[in-house]
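# Remarks on the overall topology
One-letter residues, chain by chain:
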Amino acid sequence: MFKYNIGVVIPFYQREQGILAKALLSIATQQVESTVFTIVIVDDGSPIAADEELATVTLPEHCRIELIKQKNAGPAVARNTALNYLQECEISTVAFLDSDDVWKEQHITEALSALSSGAGFYFCDHSRFDE
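Here is a short report on the structure shown in this document.

### A short note on the pairing of strand β1 (residues 4-12)
With seven of its nine residues buried, β1 lies for the most part within the structure. Here β1 runs beside strand β2 (residues 35-44); their pairing, made up of nine bridges, is parallel. Across the sheet, Ile10 pairs through a bridge with Ile41, a residue of β2. Following the chain from β1 across helix α1 (residues 19-28) to the adjacent parallel β2, one finds a crossover that is right-handed.

### Re the pairing of strand β4 (residues 93-96)
Across the two faces of β4 the burial differs, with Thr93 and Ala95 buried and Val94 and Phe96 not buried at all. Of the strand pairs in this sheet, β1 and β4 are connected by four bridges, and their pairing is parallel. What sits directly across from Val9, in β4, is Phe96.

### Quick look at helix α4 (residues 107-116)
Within the sequence span of α4, burial applies to His107, Ile108, Ala111 and Leu112. For α4, the buried positions fall inside an angular range of 120° around the axis, keeping them on one side. As for α4, its buried residues are in contact with β1, β2 and β4. Looking one or two residues past α4, Gly118 carries a phi angle of roughly 110°, positive in sign.

### Examining the environment of Ala28
Tracing the backbone through its elements, the reader meets Ala28 in helix α1. Ala28 gets classed as buried once you look at its relative accessible area, which sits at 15%. Apart from residues lying up to four places away in sequence, Ala28 is in contact with Leu59, Pro60, His62 and Cys63.

### Quick word on unusual backbone geometry
Not every positive phi belongs to a glycine, and Ser34 is a case in point at roughly 55°. Relative to the assigned elements, Ser34 resides in the loop between α1 and β2. Judged by relative accessible area, which is 36%, Ser34 ranks as partly exposed.

### Looking at the nonpolar core
In this structure, Val8, Ile10, Leu24, Ile27, Phe37, Ile39 and Ile41 are the most contacted members of the largest nonpolar core, which totals 24 residues. Counting residues per element, the ones that place at least two in this core are β1, α1, β2, α2 (50-54) and α4. With six residues, the top contributor of residues to this core is α1. In contact with Ile27, not counting residues within four places along its chain, are Val8, Ile10, Phe37, Ile39, Cys63, Leu97 and Trp103.

### Points about the environment of Ala73
Its place among the elements puts Ala73 in the loop between β3 (63-70) and α3 (75-86). Taking the C-alpha atoms as reference, Ala73 lies 6.5 Å from Asp44; in sequence the two are 29 residues apart.

Thresholds, definitions, all that
Residues numbered from 1 in each chain as written. Predicted model: local features only at pLDDT ≥ 70, side-chain atom pairs only at ≥ 80, totals over all residues. Heavy atoms only, no water. Buried < 20%, exposed > 50% of the residue type's maximum accessible area, 1.4 Å probe, protein only. Helix = DSSP H or I, 4+ residues; strand = E, 2+ residues; numbered from the N terminus. Pairing = 2+ DSSP bridges. Right-handed = clockwise from strand over helix to strand, strands pointing away. Arc of directions from axis to C-beta. Contact = heavy atoms within 4.5 Å. Core = buried A, V, L, I, M, F, W, Y, C linked by side-chain atoms within 4.5 Å.

Written out as structure tokens, the structure is:
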């Protein structure tokens, strides 16, 4: 039995191959037990198709991917498209991850800790590795 079913919203619009795989692997390596991730990727008319990127990635069983394709409408519309999809799922928590970002291994653990302590939302700091 899973304790958490976390919906992950990923708007996707990329001009460089391999970026989405890094984001997805950072979800798969989260150090949180009894958790299923429902990952909703919205391909927002990307020049590099998300399904091409997904063909190169193998994720563990606890990570389920749903791909939605739409004409380019921007990241806000892509996020809302994913949220609309997740309304039909049994999701305990929603997390947002841009397709060109990665989470540290404890990101979801820290978020769930904050939320279970009464926080209404969790926002983390970020680091850039290219500067």
